[in-house]
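Overview (structure and organization)
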Amino acid sequence: MDNLFEKCTLCPRHCEVNRVSGGVGFCRMPDVPVVNIYKLHYGEEPIISGTNGSGTVFFEGCSLGCVFCQNYSISRGLTGHGTKMDSHALAKAYLNLQSEGANNINLVTPMHFAPAVAESIAIAKSEGLTLPVAVNCSGYDLVSTVKLFDGLVDIYIPDMKFFSPKLSSEYSKAPDYFSICCSAIDEMVRQTGDIVIGSDGLIKKGVIVRHLILPGGLFDSKHIIDYLTSRYGNRIFISLMSQYTPMPSCTGKLAGKPSKRTCDTLAEYLASTGQTNAFIQEYESSGNEMIPDFKT
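As a starting point, this report considers the structure included with it. (Residues numbered from 1 in each chain as written. Predicted model: local features only at pLDDT ≥ 70, side-chain atom pairs only at ≥ 80, totals over all residues. Heavy atoms only, no water.)

What follows is about the overall build of the protein. Scanning the protein for helices and strands turns up ten helices and ten strands. The principal-axis extent of the C-alpha atoms belonging to the protein is close to 50 × 45 × 35 Å. For the protein, the proportion of its 296 residues judged to be buried stands at 56%. Element-wise, carbon and sulfur atoms account for 52% of the exposed surface of the protein, whose accessible area totals about 12300 Å². Across the protein, the centroid of the 25 positively charged side chains sits 4 Å from that of the 29 negatively charged ones. (Helix = DSSP H or I, 4+ residues; strand = E, 2+ residues; numbered from the N terminus. Buried < 20%, exposed > 50% of the residue type's maximum accessible area, 1.4 Å probe, protein only. Areas by Shrake-Rupley, 256 points an atom, 1.4 Å probe, with all protein chains shown as cover. Lys, Arg positive; Asp, Glu negative; His and termini not counted. Charge placed at Lys NZ, Arg CZ, Asp CG, Glu CD.)

What follows is the structure, encoded as structure tokens:
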């Protein structure tokens, strides 16, 4: 198979840089996966974290680059402390997390390393990995890239951040975000099928779509709820998140939290659709509480 990093079009940016020879595209990353930390993590939805924690691998870099990103130090590759881990090293990390009692392997923002990460999952499975594998991503993903994980990934946890091209352009320089995200989630649901919950109450297969409520984003959020519930209903989980926390660089509307009234209105709106496979985050939740101690 051709090396997909040599003329990289793994994400919708289509940078076409040669990451093998040191070219750097929008994600700012080389061809070898860069991992900040991997650990048992307890800040996910209850059906992911459970009591033992999710075996979470935090990759550096990102192909979306939201101005309000809570993990900006690693998503923009600013730490200087990430560790390059090839497919075999990643597979060993997954097996280590399994031995520590993780409920699953949770790969956070891996899509710009997709070929290598897919290979790592296959290696780990051949060497004894039995846990469900989850891909946790921005939703700004090409179907062709998502397909690299077909048969390897059990759970997808994509964001659906924006409906409006105006917002996605202003906040992420991605005016095509919604249409790209819709196609990607269709492929994810095709791969996993309907939600499967084990006897332990944890998800084994399926898709959880997260939506972070943004300041001033009431109507955008309603459009997203309408789309997800009409297209998938209870075939998926919808996770409505109120943990938005302004970062130092945020200005204008993004400098403050969404109001409690907005979050309550959206929670009620989601409930009114008949969606029972849903998580509603407490308004008091803070993004800072969800951020692990990254190597910075």
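In this fold, S172 is placed in helix α6 (residues 165-172). Setting aside residues no more than four positions away along its own chain, S172 makes contact with R13, L64, G65, C66, F162 and L167. (Contact = heavy atoms within 4.5 Å.)

One pass over the structure, following the stated rule, counts eleven aromatic pairs. Between Y227 and Y232, the aromatic rings sit 6.5 Å apart at their centres with planes inclined by 85 degrees, giving edge-to-face as the arrangement. Here Y227 falls in the buried class, since its relative accessible area comes to 19%. A residue is classified by how much of its surface remains accessible, and Y232, at 6% relative accessible area, is buried. One aromatic cluster in this structure is built from F68, Y140, F162, Y171, Y177 and Y244. We note K257 situated over the ring of Y283; from NZ or CZ to the ring centre the distance is 5.4 Å. (Phe/Tyr/Trp six-rings, centres within 6.5 Å; stacked < 30°, edge-to-face > 60°. Lys NZ or Arg CZ within 6 Å of the ring centre and 35° of its normal.)

Once that is clear, we can look at the environment of A91. Within the secondary structure layout, A91 lies in helix α3 (residues 87-99). For the pair A91 and Y171, spaced 80 residues apart in sequence, the C-alpha separation works out to 34 Å. Residue contacts for A91: discarding those within four places in its chain leaves S120, I123 and A124.

Judged by nonpolar contacts, the single largest core of 76 residues is most densely connected at F68, Y94, L107, F149 and M160. If one sorts the elements of this core by residue count, helix α7 (residues 177-192) sits on top with nine residues. Leaving out residues up to four positions away in the same chain, F68 has contacts with F162, Y171, L212, L214, Y244, M247, C250 and L254. A134, I157, I203 and I208 belong to the second largest nonpolar core, which has ten residues in total. (Core = buried A, V, L, I, M, F, W, Y, C linked by side-chain atoms within 4.5 Å.)

Moving on: the pairing of strand β6 (residues 155-158). Going residue by residue along β6, you find I155 and I157 tucked away on one face and Y156 and P158 tucked away on the opposite face as well. Bridge count for strand β5 (residues 133-137) against β6 is four bridges, and the pairing is parallel. Directly across from C137, in β6, lies its bridge partner P158. Relative to strand β8 (residues 203-212), β6 is paired through two bridges, and the arrangement is parallel. Paired with Y156 across the two strands is V207, which belongs to β8. (Pairing = 2+ DSSP bridges.)

As far as function goes, none of this settles anything; it's purely spatial.
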